[in-house]
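# Structure at a glance
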Amino acid sequence: MADVFVSYARSDEKAAERVAEALCAEGFRAWRDDQLPAHRTYADVIEERLKSASAVVVLWSAEAARSQWVRAEADTARTAGTLVQAVLDGTIPPLPFNQIQCADLRGWEGEADAPGWRKLKDSVHTLVGPVERQAGQQRSVRQLSICVLPFQNMSGDAEQEYFSDGISEDITTDLSKISALGVCARNTAFTFKGQSVDVCEVARKLGVSHVLEGSVRKAGGRVRITAQLIDGATGDHLWADRYDRDLTDIFAIQDEISKAIVDALKVKLLPEEKKALERRGTNIAEAYNFYLLARQYWITGNHGDPRREERVMRICSRAVEIDPYYADAWALLAIAQSNLRYGFGYEVDDGWAAAHAALAIDPTIAEAHCAMARRLEEKGCEEEAFAELQKGLRLNPDSWELNKALANFFISRGKVAEATPHFEKAALVMESDYHAWGMLTTCRYALDDKEGVLQSAKVTLQQVEQVLSRDPSNGAAISFGVHALAVLGERERAREWMERALLIDPDNLNMRYNFACAMARDLDDPEGALKMLESSISRLRGSIGNLEFDPDLASIRDDPRFHKILADAKQRLGNGSQAAALRRASSTGS
C-alpha cells in the first residue's frame, strides 16, 4: 500500500501530480486517484487507500474547499491523525481544517528548497517515518521521536489505574520539554491502552523512532515500575530497568527514567531543559497520589451528578492540606468549587480564592483561569471573562479544561462556528471525552456538516460504551449515547437507553436536558422533549441552560410551552442572575 494519499480537486490535477512526483523522489510511495484500477468501485478503493496511508496530503484550493470528496477525505485523515495540508491558491481551508497548520504551495513549481514544500515534506516524514529512497539514494534519517505507551496497571486493582495512567502522562510531559525529541501526544498513545501491540508496528504507524513501554505495581507504601526503551525499526531494547522503591521515591524514579532515555538516545539537553525536567508541582508523593485520583474522577465522573464535584473537592482539599504549595491541586479544586456553585447552585466557595492560590504559587497554571472566568461571567462581565479564558489558553493552548471552557463560552452565546474548533481540540487532547465529541455532533449539525455529524456521533458512541463498561450507571454518558444512537438511526435502542437511565439516575438534570435535545432533534418527539425539558429546567438550582441558542432545540423553540418554560425560569432565577444563567448551557456539562 502507498505511504501517502494525495487528495485534490480535479482542476488541481497538475499540482497534485507535481506533489506526488516530488514525494516519490523523496522515497515515499504516493497514491492519487489516477491510479484507480478498472475492476473495482471508486468508493471502495478510496476508503482502502485512505485507511492504509500513513499520511494524507490534502491540497486546498477554491474548488477543493467546495468538494465534498476532498472534505470527506480530509476529515477521515484528521480523525486518524494522518492529515497534512497545503494551500495552492491562498484559499483558507473550510472549518474545522482552518484551525490546523497549512503549508503554502502558491506558485510552487517543484523547487526542493521552497519553504512550503519543506514544511509539507517534513510533516510527511514525521508521519511515515523512515523510507527507502529510490535507486542511488540513501535511506532518510528521521528526527528522534518517541511514543510513551500507557504503562500497564499490575496492581491487581482496577481502581489503581489512575496511578499508572498518571505516571505515563507525567513521563510524556517530561520528555516533551526536550526540544531535540519529538514526543507523540498523550491522546494518540492512549489509543493503544489495554491492547497487545507489536511495538514496531506502533512505531511505523505513528512515525516515531522509539517506543517506551512499562508497567506499574502499587501496593501500600511501595511501588514497582518497569520500563523499557525500544528501537521502533528493529525492536531491540536500548535500555530497560526495574525500580522497586518506597512510594515516596516516585519522583526520583520518574527523573531517573527520563534521564536514562536521554542518555540512551544521546540527546544533549539545554540548561533550561535540565531545570524543566527537575521542576515538579509537588515533592510529596501522598499529595501527588491524591491529585491523580481527583483528576481521574474529574475526567471520567458522571457529569450532572454533583457528587463528582464534591468528591473532587474533598480529594483536592486533602492534597493541598498535605502540600499547601501544590498549584495543580489548587487549580482543580477551584474548578470543582466553581462548577458546584454555579452549575448546581450549592452554597460553597466559587473557586476564586483557590484559583488565586494556584496562580500565586505558579503563575503558569492555565487551568486556574477557568474558575476566575466563571465568576466574571456569572457577574455579567463577559469581556473580562473572555479575556481571562484567553489568558489561560495562551499559557497552555493544549489545555483540555481551557478549550472546554472556551467552547462552552461560545456555544452558550450561539457562536457555534467559534465553539467548534475548541471542542475539536478538547477531543484531540482527551479522545475519551465523550462530552466533547457529543457537543461536536451538535455543532456540526448546526453548521450543516452532515458527514461530520455522523463521524462525531460514531466516536461519541464508542467512547460512551467504553465508559459504561466501567460505570453502567453514568447518566451523563448514557445521555450522550442516546444522542449518538438517535443520530445514527438506532431509535429503539436510544429509547431503551433513555428508559434505563431514568430508572438508574433520575435526579441527573443535565441528563434530562440532553434527553430533551435528542427527542426534539432526532427522535421526532416534541411533546416528550417539552415534558423532559420542563422536568429538568424547573428543578435546576443553578444555571438553566442556553435555551435561547441551543441548536438541538430549534424544532420546539416557537412552541408557546417552550416560551413559558423560559419565562418561568427567568422569573425563578430573578433579575440578578438570569442573564448569566441563561447563557450557561445545561447540555455542555463541564
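For the structure itself, look to the data block above.
Residues numbered from 1 in each chain as written. Predicted model: local features only at pLDDT ≥ 70, side-chain atom pairs only at ≥ 80, totals over all residues. Heavy atoms only, no water.

## With respect to the sheet that holds strand E1 (residues 4-7)
Here we have five strands laid out as an open sheet, ordered E2-E1-E3-E4-E5, and parallel in their pairing. The open sheet is flanked by strand E2 (30-31) and strand E5 (103-104), the only strands paired with a single partner. As paired elements, E1 and strand E3 (residues 55-60) share four bridges and run parallel to each other. In the sheet register, Phe 5 faces E3, and the bridge partner there is Val 56. The strands that helix H4 (residues 68-80) touches are E1, E3 and strand E4 (83-87); relative to E3, the one it contacts most, it runs at about 145°. Helix H5 (residues 115-128) rests against E1, E3, E4 and E5 of the sheet, and its axis sits at about 170° to E4. (Pairing = 2+ DSSP bridges. Helix = DSSP H or I, 4+ residues; strand = E, 2+ residues; numbered from the N terminus. Contact = heavy atoms within 4.5 Å. Axes fitted to C-alpha atoms, helices over the stretch in contact; angles between N-to-C directions.)

## Description of the side chain of Ser 456
Assignment of secondary structure puts Ser 456 in helix H20 (residues 450-470). Using a relative accessible area of 0% as the deciding quantity, one classes Ser 456 as buried. A polar contact of 3.1 Å, which involves the side chain of Ser 456, links it to the side chain of Thr 441. Every residue in contact with Ser 456, bar those within four places of it in the chain, is listed here: Trp 437, Leu 440, Thr 441 and Arg 444. (Buried < 20%, exposed > 50% of the residue type's maximum accessible area, 1.4 Å probe, protein only. Polar contact = N/O pair within 3.5 Å; in protein donor to acceptor, adjacent residues only side chain to side chain.)

## Let's talk about the packing of helix H19 (residues 434-446) against H20
Running from N to C, H19 and H20 point in directions that differ by 160°, and their axes come no closer than 8 Å. Taken together, the axes of H19 and H20 lie roughly antiparallel to each other. The handedness of the crossing between H19 and H20 is left-handed. Where H19 abuts H20, its residues Tyr 434, Trp 437, Gly 438, Leu 440, Thr 441, Arg 444 and Tyr 445 lie against Gly 452, Val 453, Gln 455, Ser 456, Ala 457, Val 459, Thr 460, Gln 463, Val 464 and Val 467. Classifying every residue of the contact of H19 with H20 gives nine nonpolar, seven polar and one charged. (Parallel < 35°, antiparallel > 145°, perpendicular 65-115°, else oblique. Left-handed = near helix turned anticlockwise from the far one by under 90°. Nonpolar A, V, L, I, M, F, W, Y, C, P; charged D, E, K, R; others polar.)

## Focus: the packing of aromatic side chains
On inspection of all chains with the given rule, the structure shows 12 aromatic pairs. When the ring of Trp 60 is compared with that of Phe 97, the centres are 5.4 Å apart and the planes differ by 35°; the resulting orientation is tilted. Here the residue Trp 60 occupies a position in strand E3, and Phe 97 occupies one in the loop between E4 and E5, the gap between them amounting to 37 residues. Each member of the pair, Trp 60 together with Phe 97, is buried. Ring geometry for Phe 409 against Phe 410: centres 6.0 Å apart, planes inclined by 85°, an arrangement best described as edge-to-face. One exposure class covers both Phe 409 and Phe 410, and it is buried. One aromatic cluster in this structure is built from Tyr 162, Phe 163, Phe 251 and Tyr 288. (Phe/Tyr/Trp six-rings, centres within 6.5 Å; stacked < 30°, edge-to-face > 60°.)

## Looking at the state of the cysteines
Considering all chains together, one arrives at zero disulfides under this definition. As a non-bridged cysteine, Cys 200 has Cys 147 as the owner of its nearest cysteine sulfur, 13 Å distant. Lacking any disulfide linkage, Cys 443 is separated from the closest cysteine sulfur, that of Cys 517, by 12 Å. (Disulfide = S-S within 2.5 Å.)

## What to know about the environment of Thr 79
Topologically, Thr 79 is positioned in helix H4. C-alpha separation for the pair Thr 79 and Arg 314, spaced 235 residues apart in sequence, amounts to 37 Å. A distance of 3.0 Å separates a polar side-chain atom of Thr 79 from the backbone oxygen of Asp 75.

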